[in-house]
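Summary of the model geometry
What follows is each chain in one-letter form.
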Amino acid sequence: MATRDIYKSGFDEVVQTDETTSGCPECGGRVEMNAVETVCEECGLVIDEHAIDHGGEPVYDDEDERTGAPLTASRHDRRLSTTIGRKTDAKGNTLSTAKRRQLGRLRREQRRGRFRSKAERNLGHGLGEVQRVVSVLELSETHRERACRLFRSAQNEGPLCGRSIEAMAAASVYAACRCTGHLLPQGDIVDAARVEKSRVMNAYSVLNEELGLPAQPMRPRAFLARFSSNLDLPGRIRRRAESLAERAQERGVIGGVTTGFAAACLYVAAGEADWPLTKLQVAETAGVSANTVRTHRDTLSEMVDNRSAIPSGR
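Small disclaimer: the values here were computed from a predicted structure and weren't measured.

A closer look at the pairing of strand 3 (residues 37-40)
Burial along strand 3 is two-sided: the face carrying Glu37 and Val39 and the face carrying Thr38 and Cys40 are both buried. Both strand 2 (residues 31-33) and strand 3 contribute to a ladder of three bridges, which runs antiparallel. The partner of Glu32 across the bridge, within strand 3, is Val39.

Here we look at the packing of helix 5 (residues 165-179) against helix 7 (residues 197-211)
Relative to each other, helix 5 and helix 7 sit at 60°, their axes nearing to 8 Å. Put simply, helix 5 runs oblique to helix 7. Crossing geometry of helix 5 relative to helix 7 is assigned as right-handed. Facing helix 5, whose interface residues are Ala167, Met168, Ala170, Ala171, Ser172, Tyr174, Ala175 and Arg178, helix 7 presents Arg199, Val200, Met201, Ala203, Tyr204 and Leu207. Among the residues forming the contact of helix 5 with helix 7, the class breakdown is eleven nonpolar, one polar and two charged.

Topic: the packing of aromatic side chains
One pass over the full model with this rule turns up two aromatic pairs. Ring plane angle 75° and centroid distance 4.9 Å describe the contact between Tyr174 and Tyr204, whose orientation is recorded as edge-to-face. With Tyr174 in helix 5 and Tyr204 in helix 7, this residue pair connects regions lying 30 residues apart in the sequence. Comparing Tyr174 with Tyr204, the two get one shared label, buried. On the basis of an interplanar angle of 20° and a centroid distance of 5.9 Å, the ring pair of Phe223 and Phe227 is categorised as stacked.

Re a positive patch on the surface
On the surface, Arg86, Lys87, Arg100, Arg101, Arg105, Arg108 and Arg111 cluster together into a patch of positive charge. With respect to the element layout, Arg111 can be found in helix 2 (residues 97-112).

Calculation criteria
- Residues numbered from 1 in each chain as written.
- Predicted model: local features only at pLDDT ≥ 70, side-chain atom pairs only at ≥ 80, totals over all residues.
- Heavy atoms only, no water.
- Buried < 20%, exposed > 50% of the residue type's maximum accessible area, 1.4 Å probe, protein only.
- Helix = DSSP H or I, 4+ residues; strand = E, 2+ residues; numbered from the N terminus.
- Pairing = 2+ DSSP bridges.
- Axes fitted to C-alpha atoms, helices over the stretch in contact; angles between N-to-C directions.
- Parallel < 35°, antiparallel > 145°, perpendicular 65-115°, else oblique.
- Left-handed = near helix turned anticlockwise from the far one by under 90°.
- Contact = heavy atoms within 4.5 Å.
- Nonpolar A, V, L, I, M, F, W, Y, C, P; charged D, E, K, R; others polar.
- Phe/Tyr/Trp six-rings, centres within 6.5 Å; stacked < 30°, edge-to-face > 60°.
- Patch = residues over 30% accessible without salt bridge, like charges linked within 9 Å, V, L, I, M, F, W, Y side chains within 5 Å.
- Areas by Shrake-Rupley, 256 points an atom, 1.4 Å probe, with all protein chains shown as cover.
- Salt bridge = Lys/Arg side-chain N within 4 Å of Asp/Glu carboxyl O.
- Lys, Arg positive; Asp, Glu negative; His and termini not counted.
- Charge placed at Lys NZ, Arg CZ, Asp CG, Glu CD.

Here you go:
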């Protein structure tokens, strides 16, 4: 049978004759080109295929779905498992009582067989903890997906072994924020986590060392707008604090806790403007101790020109 008859009866395509070619390289017959391939009419030789689909996107009804939900790193099975309904079927019809009981038994068996190993169960628990911390901190979906991938890497490459799942989950969220440039104080992570600060920071240090994270450096100026807003400070004090932070950055005198140095810049700037602000207030806002603010204040006192403006009391 000629190829022309097959194409006319089996495909709904626009067939064009390729007049630029000299013919089939095998038999010298006539060559036809359609939207899919270039083929010889006589022997059926496929000379060329077109990978580009020139047609438009198909239109689906509201009741039809083109595909399932997209894959996600926030689920241990990447959302490939089956979801069993409860009261209605796929068409929205109400199920009978016997059918609902049957689906309930199926859901119970599915929950029991969700995890094929202990490692998969730990992964599911850890990813759930990551999602909880992200929800508490009101972070974006991008941070959630990146944090879940970091937790997967921690489990696959070893940093999770011997450490708390909750601590590594919180550390993964903190690492995701550091890698994306979203500066988040350590105190916020610790408040959202279910373990103490030392374990979270230790997990983050191991995660950073083992995986080689592209964590961006934290600068005090990035926290000034947030701290000044929480303390209801005027813009002139915030701008002065930013100037102090920039000068300290240029001279390389910033050390220790970055949030503590940012708090000290606000404390010094408020003292220069005679604004009533105590070390305890700014320390609580930054999540550090008053001694940390005092230490950085002494560092700033050696840098600024007018030392008399540095508050020494409150």
